[in-house]
Amino acid sequence: MNKKKICVVVASRANYGRVKYLMKAIQAHDELELQLIVGASTLLSRFGKAIDVIKEDGFTPDRSIHYVVEGETLLTQAKSTGIGIVELSTAFDDLKPDAVVTVADRFETKATAVAATYLNIPLIHLQGGEVSGNIDDRVRHAITKLADFHFVATEESRKRVIRMGEEPETVFNYGCPSMDVLVYDSLAINNDVMERYTGVGSPIDWKKDYILMVQHPVTTSYGEGFFQVNQTLEALSRLPEIQKIVLWPNVDAGSDDVSKGLRVFREKGHDKNFRFFKNFSAEDYGRVVANAKCCVGNSSSFIREGCFLGVPSVIIGDRQEGRERGKNVVHANYDADDIFTKVSEQLQHGNYEHDPLFGSGNTGNKIADELARIDLKRLKRLTF
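So, here's what we can say about the structure. Please read all numbers here as calculations on a predicted model, not as lab measurements.

So, how was this worked out
- Residues numbered from 1 in each chain as written.
- Predicted model: local features only at pLDDT ≥ 70, side-chain atom pairs only at ≥ 80, totals over all residues.
- Heavy atoms only, no water.
- Phe/Tyr/Trp six-rings, centres within 6.5 Å; stacked < 30°, edge-to-face > 60°.
- Lys NZ or Arg CZ within 6 Å of the ring centre and 35° of its normal.
- Pairing = 2+ DSSP bridges.
- Helix = DSSP H or I, 4+ residues; strand = E, 2+ residues; numbered from the N terminus.
- Contact = heavy atoms within 4.5 Å.
- Axes fitted to C-alpha atoms, helices over the stretch in contact; angles between N-to-C directions.
- Salt bridge = Lys/Arg side-chain N within 4 Å of Asp/Glu carboxyl O.
- Buried < 20%, exposed > 50% of the residue type's maximum accessible area, 1.4 Å probe, protein only.
- Core = buried A, V, L, I, M, F, W, Y, C linked by side-chain atoms within 4.5 Å.

1. Points about the packing of aromatic side chains
With the rule as written, the count across this model stands at 12 aromatic pairs. Among the aromatic side chains, those forming a connected cluster through ring pairs are Y197, W206, Y210, F277 and F280. Here the basic side chain of R238 rests over the ring of F340, its NZ or CZ set 5.9 Å away from the ring centre. We note K260 situated over the ring of F226; from NZ or CZ to the ring centre the distance is 5.5 Å.

So this is what it looks like as structure tokens:
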């Protein structure tokens, strides 16, 4: 029996955390064959070079593709999308997969979707139907209309995708694949486990309390990232007694502004009890989130993983506006006073109850089994 060739495109560190266990499930499935394309910021050292982690986990990319135009502006983001379409089209034509898997709502994801669609390759979309701020909403919904099959993370998302005209039998809610990391891996953290991550800034003792900060640029407020991140840093500096772990921003337009804010903060010597890291593996990022006393910034992981783990979180600004969220999340404006108040309240509250809003694990195996069952050549139709 010929195996279905399922090509997964990993184009950011966040992408990999969400599909790692799906890739493992495809790799182990008797009826499926994994093809892997790694590209964009996963290949760049200044964003943590996630391809090294991918290889350490035992995956061998079939193709490694550079298609990020340096600059992190709106213009370079658009150009990177175009180059991604060109490069991924060539890769898909060479590999000839039976289906392509793309994740969520980033510009790299959009390039994957367009290239696969124009080559008549069935498109599998993960995490469609969600609502958030930023340009991500438009990109996510556009990919939904290109995709043939949809694996959403929540029941509300499933309903939205169907209301967008997708056939109900093509929409599956098995939860978010990133929950698998939290279920199958140890979440214990200590200095020995984390010693391979050097980082810069004040020494970190992983046995002691810390706040996790992850703040990405917001493309719809391009040019304001320096101010926005400085409000967060100012708020956290008012809590000198607790350690702060800061992760480098992603490659979206405006990344240079956020990165500059972090560098200037350090260079001015305000970084006492702050330590800055480029990247963690999917498992170790799960540990870092799970053991944080509070998560601060605008990462969707604080909503997804944070909800599952019950970690107190403060979401800043409008990047995640409209997303479903658990009780663990409160909102703050781009204002140091407001952020400080909300973080202090969350620290005082402590952990929330576990909430399976985004799934309970084993999502990768469920999706792999479904991919083996379904007829990938199904003709996509609009429904009303």
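Alright, that's what it looks like, and here's the rest.
2. Quick word on the sheet that holds strand β11 (residues 274–277)
A sheet is described by the order of its strands in space; here seven strands give the open sequence β8-β11-β10-β9-β12-β13-β14, paired in mixed fashion. The open sheet is flanked by β8 (200–201) and β14 (329–332), the only strands paired with a single partner. Across three bridges, the pairing between strand β12 (residues 294–297) and strand β13 (residues 313–316) is parallel. The residue bridging V296 from the neighbouring strand is V314, located in β13. Against the sheet, helix α9 (residues 225–237) contacts β9 (210–214), β10 (243–247), β11, β12 and β13, and its axis sits at roughly 175° relative to β9.

3. A word on the pattern of salt bridges
One pass over the full model with this rule turns up 28 salt bridges. Residue E130 is joined to R304 by a salt bridge in which the shortest nitrogen-to-oxygen separation is 2.5 Å. Of this pair, E130 sits in the loop between β5 (123–126) and α5 (136–146) while R304 sits in helix α12 (residues 301–309), placing them 174 residues apart in sequence. E130 gets classed as buried once you look at its relative accessible area, which sits at 4%. By relative accessible area, which is 3% here, R304 ends up buried. A salt bridge links E324 to R160; the nearest nitrogen and oxygen atoms lie 3.9 Å apart.

4. Brief notes about the nonpolar core
Counting residues in hydrophobic clusters, the biggest one holds 33 residues, and the most contacted among them are M23, I26, I124, L126 and L371. Of all the secondary-structure elements, those providing two or more residues to this core are β1 (4–10), α1 (13–28), β2 (32–39), α2 (50–56), β4 (99–103), β5, β6 (149–152) and α14 (363–373). For this core, the leading source of residues is α1, giving six residues. Excluding residues that lie within four positions of it along the chain, I26 makes contacts with I6, V8, L32, E33, L34, A368 and L371.

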